[in-house]
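# Working through the structure, step by step
Here's the letter readout for the chains.
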Amino acid sequence: MRKVLTYGTFDLLHWGHINLLKRAKDLGDYLIVGLSGDEFNAIKNKKSYHSFDNRKMILESIRYVDEVIEEKSWDQKVKDVVDHNVDIFVMGDDWEGKFDFLKEYCDVIYLPRTIGISTSQIKKDLFSVNNG
């Protein structure tokens, strides 16, 4: 069984997220998603619209996702890869090169982002609607 691991906040879920999850799952047999916890988001100065528990519930309902684990810090990735016997680590290509240190433990693949959609753009669009 080939295990794949990816990470993200997955707030305001959209088709770009689903596309990433599908492509990640297509690389193996079992997809683990490291989901940024609320406390970790605070450290990163990010505020999610949905709580960790709600984002986790949403992700667990997606057919491509087999397991959701909490991301609590930047430096837990090596431990997660080793502890979960991960074969492939996957991130969007906007992170290109940032996780190459994991190549010592597993394959690292950066997938192209889905064109035309991003959570940042959704938030920006919603803010402009609300603020005229």
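The text that follows walks through the structure, step by step, so that each part is easy to find. (Residues numbered from 1 in each chain as written. Predicted model: local features only at pLDDT ≥ 70, side-chain atom pairs only at ≥ 80, totals over all residues. Heavy atoms only, no water.)

### Remarks on the pattern of salt bridges
As a working rule, side chains carrying opposite charge can pair if their charged atoms are close by. Scanning the entire structure with this criterion turns up 9 salt bridges. One salt bridge connects K22 with D26, and the closest N-O pair in it is separated by 3.0 Å. Residue K22 and its partner D26 are located together in helix 1 (residues 15-26), separated by 4 residues, close to a single helical turn. Here K22 falls in the partly exposed class, since its relative accessible area comes to 34%. Notably, a salt bridge pairs D66 with K25, separated by 2.6 Å at the nearest N-O pair. Separated by 41 residues along the polypeptide, D66 in the loop between helix 3 (52-60) and strand 3 (67-71) and K25 in helix 1 bring together distant segments of the chain. A relative accessible area of 35% means that D66 is categorised as partly exposed. (Salt bridge = Lys/Arg side-chain N within 4 Å of Asp/Glu carboxyl O. Helix = DSSP H or I, 4+ residues; strand = E, 2+ residues; numbered from the N terminus. Buried < 20%, exposed > 50% of the residue type's maximum accessible area, 1.4 Å probe, protein only.)

### As for unusual backbone geometry
You will see that L12, though not glycine, has its phi angle at about 50 degrees, which is positive. With respect to the helices and strands, L12 occurs in the loop between strand 1 (3-8) and helix 1. With a phi close to 50 degrees, N85 is a non-glycine residue in the positive phi region. Looking at where N85 falls in the secondary structure, it is placed in the loop between helix 4 (77-83) and strand 4 (88-92).

### Thoughts on the packing of aromatic side chains
What characterises a pair of aromatic rings is the spacing of the ring centres plus the angle enclosed by the ring planes. Using the criterion set out here, one finds 6 aromatic pairs in the structure. Pairing W95 with F99 gives two aromatic rings, centres 5.6 Å apart and planes at 40 degrees, and the pair type is tilted. F99 gets classed as buried once you look at its relative accessible area, which sits at 5%. Judged by centre distance (6.2 Å) and plane angle (55 degrees), the ring pair of F99 and F101 falls under tilted. Ring-pair connections join several aromatic residues into one group, and the members of that group are Y7, F40, W74, F89, W95, F99 and F101. Over the ring of W74 we find K44, and its NZ or CZ is 5.6 Å from the ring centre. Over the face of the ring belonging to Y7 we find K77, whose NZ or CZ atom lies 4.4 Å from the ring centre. (Phe/Tyr/Trp six-rings, centres within 6.5 Å; stacked < 30°, edge-to-face > 60°. Lys NZ or Arg CZ within 6 Å of the ring centre and 35° of its normal.)

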